[in-house]
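# Notes for the structure review
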Amino acid sequence: MPRSKSKKQRRRPRQARSAETVEVILKATIQVLLKRGIERTTTSRIAERAGVSIGSLYQYFPNKQALITELIARHIAAMEELTRVTIAKLADVPLREGPGLLLEAIVAAHRVNPRLHQVFMQQLPEAATVEMRDRMHLGTEEIVSQALASHPDFPSHLDPQTTGKLLTRAGVGVIVETMRRAPEEFLSGELANEMTRMFVAYLELPPVPSNA
C-alpha cells in the first residue's frame, strides 16, 4: 500500500491523553470495519463510535486510509513479534524441532485478530493485499533465516537465507490454504506432523551432486 504523506498518521501523540485518544480511535475503527466493512466505513462513523469529534480525529489521522494504514502496520508488527518470540526458541532446541516451531509460529501469527485479518485480505484492493502479504511474509522469512544461520546444527551444504525462504513459503502456503478450506484438519495435528516430517527430510538431504 503506497505510503504517501497524506495517508500517514498526521500527528504523533506526545502526551498520555493524546496517546489514549489515538488508541480509542483505532479501537473504534476496528469495530466499525468489522461491522460495516471497508467500503461502508467512514471517519464520521469512526468518530461517533470513538466518542470524539471529527476534528479531534483529523488531528491524528487525515482520512480513513491513514487509519487503515496504521492498523495494517500494527497488525503486521503484532504478527512479526509473535513469530519472533516463537522462532527464538530454536536457539535452545535441536534443529529437528525447528520446522515444528516454524509451523507453530505461522499458525499463531495468522490467529492475531483473524476477523480483522480477513477484512484486510478480502476487502482491500488487490494491490494492497499483495503488498500486505509481502510485508508479512518477508518479515517471517528474515526471522527464520536469521535463526537458521545462527543454529550450530544447520547443515553446511544449505544456505540459511534460501532455506528460510523455502520453509516459510511452503509453510505459509499450506497453512493459509488449509485454514481457508479445511481448518479442522489442523485440529488433529496430523497435517502439521506430516509437514514437519517433510521439512526435516529436506534439512537432512545430502548435497546434490554437481553433475545431477
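Parameters at a glance
Residues numbered from 1 in each chain as written. Predicted model: local features only at pLDDT ≥ 70, side-chain atom pairs only at ≥ 80, totals over all residues. Heavy atoms only, no water. Axes fitted to C-alpha atoms, helices over the stretch in contact; angles between N-to-C directions. Helix = DSSP H or I, 4+ residues; strand = E, 2+ residues; numbered from the N terminus. Parallel < 35°, antiparallel > 145°, perpendicular 65-115°, else oblique. Left-handed = near helix turned anticlockwise from the far one by under 90°. Contact = heavy atoms within 4.5 Å. Nonpolar A, V, L, I, M, F, W, Y, C, P; charged D, E, K, R; others polar. pLDDT = per-residue confidence, 0-100. Core = buried A, V, L, I, M, F, W, Y, C linked by side-chain atoms within 4.5 Å. Buried < 20%, exposed > 50% of the residue type's maximum accessible area, 1.4 Å probe, protein only. 1 Å grid on protein atoms, 1.4 Å probe; cavity = no way out; pocket = protein on both sides within 12 Å on 5 of 7 lines; lining within 4 Å. Points joined across faces, edges and corners; volume = space filled by probe spheres on them.

## Focus on the packing of helix α8 (residues 160–181) against helix α10 (residues 190–203)
How two helices pack is summed up by the angle between their axes together with the distance between the axes. At a minimum axis separation of 12 Å, α8 and α10 run at an interaxial angle of 165 degrees. Relative to α10, α8 is oriented roughly antiparallel. When the axes of α8 and α10 are compared, the crossing they make is right-handed. Contact with α8, carried on its side by T163, L166, L167, A170, G171, V174 and T178, involves L191, M195, F199, Y202 and L203 of α10 and no other residues of that element. Among the residues forming the contact of α8 with α10, the class breakdown is 9 nonpolar, 3 polar and no charged.

## Describing the confidence of the model for the chain
Reading fine detail from the predicted coordinates is not recommended where pLDDT is low. With 88% of its residues at a pLDDT of 70 or more, the chain has an overall mean of 86. No element of the chain has a lower mean pLDDT than helix α9 (residues 184–187), which averages 70, and none a higher one than helix α2 (residues 43–50), which averages 97. When the criterion is pLDDT under 50, residues 1–6 qualifies, and its contacts beyond four places in sequence or with other chains add up to 14 contacts.

## Things to note about the nonpolar core
Membership of the largest hydrophobic core comes to 30 residues, with the highest contact counts inside it found for I25, F61, F120, L124 and M132. Listing elements by their share of this core, those giving two or more residues are α1 (16–40), α2, α3 (54–60), α4 (64–87), α6 (114–123) and α7 (126–150). Once residues lying within four places of it in the same chain are set aside, the contact partners of F120 are I68, L71, I72, H75, T129 and M132.

## Topic: the layout of surface pockets
If you add up the space inside the largest pocket, you get close to 420 Å³. Forming the boundary of the largest pocket are 13 residues, of which H110, H117, M121, V176 and R180 lie nearest the centre. Elements with a minimum of two residues in the lining of the largest pocket: α6, α7 and α8. A per-element tally of the lining of the largest pocket places α6 first, with 6 residues. Each pocket or cavity is described by its volume, and for the second largest pocket that value is around 170 Å³. Lining the second largest pocket, in full, are R84, I87, A88, L90, A91, I143, Q146, A147, S150, H151 and P152. With 4 residues, the top contributor of residues to the lining of the second largest pocket is α7. Here the lining of the second largest pocket is built from residues that sort into 7 nonpolar, 3 polar and 1 charged.

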